[in-house]
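Residue strings, one per chain:
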Amino acid sequence: LFLQWFIRVYRTIAAPHLGAGGRLAGLNLEKNLSRNAVAVAAVFFSISLSVSSSSMLNSARKGVLDYVDSVDNSDIIITSGHPLATAGAPTIPMPLGMLRELLAIPGVRSVDPFRKLFMNLSEKRVLLEAIDVESWAKNNTCTVIGGKMMMRDRDEVSVNETIADRLGLKPGDTMILPTPNGPKSFVVSSIIVSYASDSGVIFMDMHTYERHWNDHVADMFSVYVKKGHDISAVRNAIQERYKGKRKMFVLPALEFRQEIKKMLDRSVVM
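Reference entry: report on the structure contained in this document. (Residues numbered from 1 in each chain as written. Predicted model: local features only at pLDDT ≥ 70, side-chain atom pairs only at ≥ 80, totals over all residues. Heavy atoms only, no water.)

## Some points on the packing of aromatic side chains
Note the threshold: Any two rings among Phe, Tyr and Trp, with Trp reduced to its six-membered ring, count as a pair given centres within 6.5 Å; such a pair is stacked if its planes are under 30 degrees apart, edge-to-face if over 60, and tilted if neither. Whether a charge lies above a ring is judged from NZ of Lys or CZ of Arg, which has to be within 6 Å of the ring centre and within 35 degrees of the ring normal.
Taken as a whole, this structure holds 1 aromatic pair when the rule is applied. The residue whose ring lies beneath R125 is F118, and the NZ or CZ to ring-centre distance is 3.8 Å. Residue placement shows R241 over the ring face of Y242; its charged tip is 5.0 Å from the ring centre.

Shown next, in the form of structure tokens:
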């Protein structure tokens, strides 16, 4: 159908200005209509595949970038393992007591601890992330699909879409998690968006995690600098405070987020 339409337009507009060669080209298209239709269909298919793939990749890229920008708006990231490593990469946990030490450094406004732990849930390996809900919520946002964010120091959790779909969970349901003291029941307060692990993510308040796991360490600290203070100066003060005592990365969070964006851009280049 396209070729039939194209030939009519071609004869009327283009062929008179292209001489004998142009007229012969139009006649050849019409003579071998079925064979040429296959070639045209292949070209159209390639164009549509390219457009649809580009749309899908750009949509996924924007979703991940929006997620990264929303879950960590800190100024400095402190971790014993490189922050660009995968969620399953091992780290050397740091004591939660460092939080008070960091808050005492001039220019530091607040500090959010972060702890990650993999566990087996329904014969699947899932990621448990512990954060200080109240402190984290003052500086960051989370896309909540259903329900409301968990409360501090309550037996509540938030789960991402992967786990909610797999286990058929909705806000208000209960789920049993394996703890060092045996299985414990937790209320699902909300369904959230999280791309931290493709196997599923469970969010828990740090105080609840400490109470049930008796684990008083953190894998990362997100540091927020007071307005008017130089981030580089605060970062240098942190490095000086722990110089010779701990081996850890003290990185500007902006560089961390920019590096993630570069990695995403490289992964979707067509």
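Still to come is the rest of the account.
## Section: the pattern of salt bridges
Note the threshold: When a carboxyl oxygen of Asp or Glu is within 4 Å of a side-chain nitrogen of Lys or Arg, the pair counts as a salt bridge.
One pass over the structure, following the stated rule, counts 8 salt bridges. Note that D173 is salt-bridged to K170, the shortest N-O span being 3.6 Å. The network of salt bridges with common partners includes R115, D215 and D219.

## Focus on the side chain of S158
Formally: Every helix listed is a DSSP run of H or I at least four residues long, and every strand listed is a run of E at least two residues long, numbered separately from the N terminus. Classification of residues uses two cut-offs on accessible area relative to the type maximum, computed with a 1.4 Å probe and protein chains only: under 20% is buried, over 50% is exposed, and between them is partly exposed. Under this definition, polar contacts are N or O atom pairs within 3.5 Å; protein pairs additionally need one hydrogen-donor-capable and one acceptor-capable atom, and for neighbouring residues in sequence, both atoms have to be side-chain atoms. Two residues qualify as a contact provided that any one of their heavy atoms is within 4.5 Å of a heavy atom in the partner residue.
In this fold, S158 is placed in strand 6 (residues 156–160). On the accessibility criterion, S158 (0% relative accessible area) is buried. A polar atom in the side chain of S158 sits 3.4 Å from the side chain of S189. In this structure, S158 is in contact with M149, M150, S189, S190, I192, V201, I202 and F203, ignoring residues within four places of it in sequence.

## Structural notes on the pairing of strand 4 (residues 124–131)
Formally: Two strands qualify as a pair provided DSSP detects at least 2 bridges between them.
In terms of residue burial, strand 4 counts as a mostly covered element, since 6 of its 8 residues are buried. Bridge count for strand 3 (residues 108–121) against strand 4 is 8 bridges, and the pairing is antiparallel. Directly across from L117, in strand 4, lies its bridge partner L128. Once strand 3 ends, the chain turns through 2 residues before running back antiparallel as strand 4, passing S122 with a positive phi of about 55°. With 5 bridges connecting them, strand 4 and strand 9 (residues 201–205) associate as parallel partners. Of the residues in strand 9, the one forming a bridge with L128 is I202.

## Regarding unusual backbone geometry
Its identity as a non-glycine residue notwithstanding, E123 has a phi of 65°, on the positive side. Counting through the fold element by element, E123 comes out in the loop between strand 3 and strand 4. Exposure remark for E123: the relative accessible area of 81% places this residue in the exposed category. We note that D153 has phi near 55°; this positive angle belongs to a residue other than glycine. Checked against the element boundaries, D153 lands in the loop between strand 5 (144–147) and strand 6. For D153, a relative accessible area of 40% translates into the label partly exposed.

## Examining helix 1 (residues 2–14)
In plain terms, the rule: Working definition: the arc comes from the directions between the helix axis and the C-beta atoms, pointing outward to the latter.
Taken together, the buried positions of helix 1 are occupied by L3, I7 and Y10. Taken end-on, helix 1 shows its buried residues confined to a sector of 65°, consistent with a single buried face. Across helix 1 from its buried face, at more than 90 degrees, point the exposed residues R8, T12 and I13. The secondary structure elements touched by the buried residues of helix 1 are helix 2 (19–31) and helix 3 (33–71).

Coordinates in, geometry out; function isn't part of it.
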